[in-house]
Amino acid sequence: MKIMVIGLCLFCLSGCATVTEMSARVNEEIDSYLAQKEKADYVQVVYPAELRQYGKEQQDAASPAP
């Protein structure tokens, strides 16, 4: 009887470990998918001060150096 109880406990523990591992793999796949989607949908935000700085850099590059 004790052997059956111990066997049942080991079976349940191995089942729980398998479910935990599968869950971790599924979560990893979901995170990977969401990261790829976020990367594809990413839009860089440019603030007005950065646009002014970029404009100055373009004007400096267009003017000949003395």
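Presented here is a report on the structure given in the accompanying data block. In this text the structure is predicted, and so the values were computed from the model without any measurement. (Residues numbered from 1 in each chain as written. Predicted model: local features only at pLDDT ≥ 70, side-chain atom pairs only at ≥ 80, totals over all residues. Heavy atoms only, no water.)

Moving on to the overall build of the chain. When you go through the chain residue by residue, the secondary structure sums to two helices and zero strands. Residues classed as buried in the chain amount to 0% of the 66 residues present. Accessible surface computed for the chain: about 6700 Å², of which carbon and sulfur atoms make up 65%. (Helix = DSSP H or I, 4+ residues; strand = E, 2+ residues; numbered from the N terminus. Buried < 20%, exposed > 50% of the residue type's maximum accessible area, 1.4 Å probe, protein only. Areas by Shrake-Rupley, 256 points an atom, 1.4 Å probe, with all protein chains shown as cover.)

What follows concerns the state of the cysteines. Summed over the entire model, instances satisfying the criterion amount to zero disulfides. You can see Cys 12 has no disulfide; the closest cysteine sulfur is in Cys 16, sitting 6.6 Å from it. For Cys 12, a relative accessible area of 41% corresponds to the partly exposed category. The class for Cys 16 is partly exposed, based on a relative accessible area of 48%. (Disulfide = S-S within 2.5 Å.)

For the rest of this paragraph, the subject is the pattern of salt bridges. In total, this model carries one salt bridge according to the counting rule given. With its nearest N and O atoms 2.7 Å apart, the salt bridge here joins Arg 25 to Glu 21. Note that Arg 25 and Glu 21 are positioned in helix 1 (residues 2-41) at a spacing of four residues, about one turn of the helix. (Salt bridge = Lys/Arg side-chain N within 4 Å of Asp/Glu carboxyl O.)

Three or four residues apart is the spacing at which side chains of an α-helix point the same way, because the helix has 3.6 residues per turn. When the terminal C-alpha atoms of helix 1 are compared, their 58 Å separation across 40 residues agrees well with the 58 Å that a helix rising 1.5 Å per residue should span. Of all 40 residues that make up helix 1, zero are buried, and the element is exposed over most of its length. (Expected span 1.5 Å × (residues − 1).)

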